[in-house]
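Tertiary structure, described
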Amino acid sequence: MSLFEQQTQHSGNAKALSVTHYGTEFMHMVYQNIAKVYDYTYGPTLHPGRIEALEKMRIRPGTHVLEVGVGTGINLGMYPRAARITGIDLSSRMLQKANQRIADKGLTNCDVMEMDATKMTFADDSFDVVYAPYVISVVPNPVAVAREMYRVCRPGGRVVILNHFKSANPLMSKIETAISPMTVHIGFKADLDLPGFLEQAGLSPVSLEKVNVPKIWTLITVVK
Ligand SMILES: C[S@@+](CC[C@H](N)C(=O)[O-])C[C@H]1O[C@@H](n2cnc3c(N)ncnc32)[C@H](O)[C@@H]1O
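My aim in this report is to walk through the structure given alongside it, one point at a time. Quick caveat, the model's predicted, so the values are computed rather than measured.

Our next topic: the overall build of the protein. Secondary structure assignment for the protein yields 7 helices and 7 strands. Seen along its three principal axes, the alpha-carbon backbone of the protein occupies a region of about 45 × 40 × 35 Å. Looking at the protein as a whole, 38% of its 224 residues are labelled buried. Of all intrachain contacts in the protein linking residues separated by at least 6 positions in sequence, the fraction that spans at least 24 positions is 68%.

This is the structure:
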């Protein structure tokens, strides 16, 4: 992929979902660089949302979950031990931390691997739940990731996305749009358009819930 690929490469006339333009290699470099400090910087601040999302998902024993953008594995210890978890991420340094966490905590139900979420190597309909916590505003092409998530989810399974999207408040939305070209350097875009994303990804959620503190993150649940 080129360094400055467009967000809308899947549909030529589609509305841009963000003012930012960057490529997969750029974001890979950002996460390689912040892997050492990730748990201290993005750990506690985003943690209430992670807990709330997992509680709301009510994952049952035997469920096979794919966590997209598993990073340092910060969620791994929170899944029921009787569920099987596969995690993918682009950054080898983030995954090193995840593997360390799996070993330290004895999380024998968890496996992680290096993989680009826009080009998953899993077969169609492979997982019961496909979950992306704080990833969809990180990737340059969120629509491509959402389509892959849907493809690898089994019929009747759930695609779940936890993410911050551009505010509906006009002033906040202007601020988020203005800062987004800067925030990509610390790992995310601040101005991802939720209605446009759902429309372009072809997702029809069964629920959209506000989570985290303050409640400016959205938990999207889609049943395939
Ligand atoms: C903000 S972190 C989220 C980590 C974790 N899910 C959490 O709850 O904190 C975003 C993660 O997405 C990964 N990522 C970025 N682009 C990716 C891609 N194209 N495919 C897979 N993972 C990607 C990054 O390496 C990073 O680990």
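In this section: the sheet that holds strand 7 (residues 217–223). What the 7 strands build is an open sheet, ordered 3-2-1-4-5-7-6; its pairing is mixed. On the outer flanks of this sheet lie strand 3 (110–114) and strand 6 (207–211), each paired with one strand and no other. Pairs of neighbouring strands in the sheet enclose a mean axial angle of 20°, with direction left out of account. In the packing of helix 4 (residues 92–105) onto the sheet, contacts are made with strand 2 (84–89) and strand 3, and the angle to strand 3 comes to roughly 165°.

Below, the discussion takes up the environment of valine 152. When you line up the elements, valine 152 lands in helix 5 (residues 142–152). For valine 152, a count of 21 C-beta atoms within 10 Å gives the class buried. Remark: the alpha-carbon pair of valine 152 and alanine 123, spanning 29 residues in sequence, is separated by 6.3 Å. Not counting residues up to four positions away in its chain, the partners in contact with valine 152 are Leu66, Met120, Phe122, Asp124, Ser126, Phe127 and Val130.

In terms of nonpolar packing, the biggest core is built from 54 residues, with Val65, Val68, Val130, Ala132, Ile136, Val145 and Met149 touching the most fellow members. Broken down by element, this core gets its largest block of residues, 6 residues, from helix 5. In this structure valine 68 touches Ile88, Ala117, Val130, Tyr131, Ala132, Val135, Val145 and Met149, once residues within four positions along its chain are discounted.

Turning our attention to the packing of helix 5 against helix 7 (residues 194–201). As a packed pair, helix 5 and helix 7 sit with axes 9 Å apart at the nearest point and diverge in direction by 50°. Here helix 5 is positioned oblique relative to helix 7, judged by the angle of their axes. Crossing angle aside, the handedness with which helix 5 passes helix 7 is right-handed. Residues Pro142, Val143, Ala146 and Arg147 of helix 5 form the contact with helix 7, whose own contacting residues are Phe197, Gln200 and Ala201.

The next point concerns the site of the ligand. In the neighbourhood of the ligand, 24 residues make up the surrounding shell, with Tyr31, Gly69, Gly71, Ser91 and Ala117 lying closest. Mapped onto the shell around the ligand, the elements with two or more residues apiece are helix 1 (24–34) and strand 2. Here the element with the most residues in the shell around the ligand is helix 1; it accounts for 3 residues. Taken together, the residues of the shell around the ligand sort by class into 14 nonpolar, 7 polar and 3 charged.

Considered for burial, the residues of helix 7 that qualify are Gly196, Phe197, Gln200 and Ala201. Projected down its long axis, helix 7 carries its buried residues within an arc of 120°, all on one side. Buried residues in helix 7 make contact with helix 5.

For the rest of this paragraph, the subject is the pairing of strand 4 (residues 127–133). Buried residues dominate strand 4, accounting for 6 of its 7 residues. Across 3 bridges, strand 1 (residues 64–68) lies against strand 4 in parallel orientation. In the strand pairing of strand 4, leucine 66 is matched with valine 130. By the bridge criterion, 6 bridges tie strand 4 to strand 5 (residues 153–164) in an arrangement that is parallel. Opposite valine 129, over in strand 5, you have arginine 158 as the bridge partner. A crossover connection joins strand 4 to the parallel strand 5 through helix 5; in handedness this β-α-β unit is right-handed.

Conventions we followed
- Residues numbered from 1 in each chain as written.
- Predicted model: local features only at pLDDT ≥ 70, side-chain atom pairs only at ≥ 80, totals over all residues.
- Helix = DSSP H or I, 4+ residues; strand = E, 2+ residues; numbered from the N terminus.
- Buried ≥ 20, exposed ≤ 12 C-beta atoms within 10 Å, placed from the backbone.
- Contact = placed C-beta atoms within 7 Å.
- Pairing = 2+ DSSP bridges.
- Axes fitted to C-alpha atoms, helices over the stretch in contact; angles between N-to-C directions.
- Core = buried A, V, L, I, M, F, W, Y, C linked by C-beta atoms within 7 Å.
- Parallel < 35°, antiparallel > 145°, perpendicular 65-115°, else oblique.
- Left-handed = near helix turned anticlockwise from the far one by under 90°.
- Near = placed C-beta within 6 Å.
- Nonpolar A, V, L, I, M, F, W, Y, C, P; charged D, E, K, R; others polar.
- Arc of directions from axis to C-beta.
- Right-handed = clockwise from strand over helix to strand, strands pointing away.

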